[in-house]
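Residues per chain, in single letters:
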Amino acid sequence: MATKVVDLRSDTVTKPSEAMRAAMAAADVDDDVLGADPTACRFEAEMARIMGKEAALFVPSGTMANLISVLAHCDARGSEVILGDDSHVHVYEHGGISTLGGVHPRTVPNNPDGTMDVDRIVAAIRSTDGALYYPTTRLICLENTHGNSGGKCLTVEYTDKVGEVAKAHGLKLHIDGARIFNASVALGVPVDRLVRAADSVSVCLSKGIGAPVGSVIVGSKAFIQKAKILRKTLGGGMRQVGVLCAAAEVGVRDTLGKLADDHRKAKVLADGLKKIKHFTVDLTSVETNMVFFDMADPRITPAKLCQALKQRSVLAMPTSSKRFSSLRSTSFSLSFF
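Keep in mind it's a predicted model, so treat the numbers as computed, not measured. (Residues numbered from 1 in each chain as written. Predicted model: local features only at pLDDT ≥ 70, side-chain atom pairs only at ≥ 80, totals over all residues. Heavy atoms only, no water.)

Peer 1: How would you summarise the pattern of salt bridges if you had to cite specific residues and measurements?
Peer 2: Overall, the coordinates contain 14 salt bridges when judged by the stated rule. For the salt bridge of Asp-75 with Lys-226, the shortest nitrogen-to-oxygen distance reads 3.0 Å. Here Lys-226 lies in helix α10 (residues 221-233) and Asp-75 lies in the loop between α3 (62-73) and β3 (79-84), a separation of 151 residues in the sequence. The salt bridge partner of Asp-261 is Arg-264, with a shortest N-O separation of 2.7 Å. Within this pair, Asp-261 and its partner Arg-264 are both found in helix α12 (residues 259-274), separated by three residues, close to a single helical turn. For Asp-261, a relative accessible area of 31% corresponds to the partly exposed category. Linked by salt bridges that have partners in common, Asp-261, Arg-264 and Lys-265 make up one network. (Salt bridge = Lys/Arg side-chain N within 4 Å of Asp/Glu carboxyl O. Helix = DSSP H or I, 4+ residues; strand = E, 2+ residues; numbered from the N terminus. Buried < 20%, exposed > 50% of the residue type's maximum accessible area, 1.4 Å probe, protein only.)

In structure tokens form, the structure reads like this:
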């Protein structure tokens, strides 16, 4: 009898449900590069409706979704984007905005709750008086939920305030919303309201939603038309992509209602871990489906703990903790899905 494995490494390690597999097998498909795949068109229209935007575009990955969005807004080389120093776009996406787009990142410190101080955002906007010397600020990026902050949610009030700053300075606002539905559920705010201030949003389908592949970008019709060209440029145009959109469609339909229970399970785990003397956990930091905990016993290394857990059919993923680096402690992140 096979041993059941409890996999807490990430919400990206899901497997397609039977309903997803059936939908993929039965999907009505055509050539999406030609704009003719009916399943892709239907899914994109539905995602645009859910997110409260004019149009949507399916892309292979969240990294490509963010890259396309930044390049579409910063369509002149030498443009600059203001973003968090601990954001996914800045830390984990291989510097693609600079490598491929010639876009300069101007980082602002992320607070423990994933926000950036609004006054620091304003201070980071380049003055037109320095146009001879400095890059041109064109975009602000937020991340909701904020992964490196433990899945913290950015409130609608904060997002609106940053949107007002962007508008007042003639800038665009992009939200890396890989887990935006988690934020919506945790905050009790409809997702379209949560992202109303944004000019574009990327939404990952292969995390908590559980689809095997893909993300969507949402925005205005003009923005999505630019995004479609950039998707082709980056090699992301796919033909009978309705096979993948069909699985994502099922995920959105069947999984969103389960996210609150994911969050509840994360809090239960955090509460249990806090009772173990070898670990320290900040219970107030567990807002969505992530649990970060620190090793209080220096004799226990991340490698030893992972090995011990694996022997008991539990998989976890070590990660460095910037907040506690001065104490030389190590954090683990656990995700529920």
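Additional details are given in the paragraphs that follow.
Peer 1: Would you mind going over the sheet that holds strand β5 (residues 136-143) in detail, with residue names and values included?
Peer 2: Taken together, the seven strands give an open sheet; going across it, the order is β2-β8-β7-β6-β5-β3-β4, and neighbouring strands pair in mixed fashion. Here the strands that pair on one side only, and so sit at the sheet edges, are β2 (55-59) and β4 (104-108). Between one strand axis and the next, the sheet turns by 25 degrees as a mean value, whatever way the strands run. With five bridges connecting them, strand β7 (residues 200-204) and strand β8 (residues 215-219) associate as antiparallel partners. Within β8, the residue paired with Ser-200 across the bridge is Gly-219. Here helix α2 (residues 38-51) sits on the sheet and contacts β2, β7 and β8; the angle it forms with β2, its principal contact strand, is near 125 degrees. (Pairing = 2+ DSSP bridges. Axes fitted to C-alpha atoms, helices over the stretch in contact; angles between N-to-C directions. Contact = heavy atoms within 4.5 Å.)

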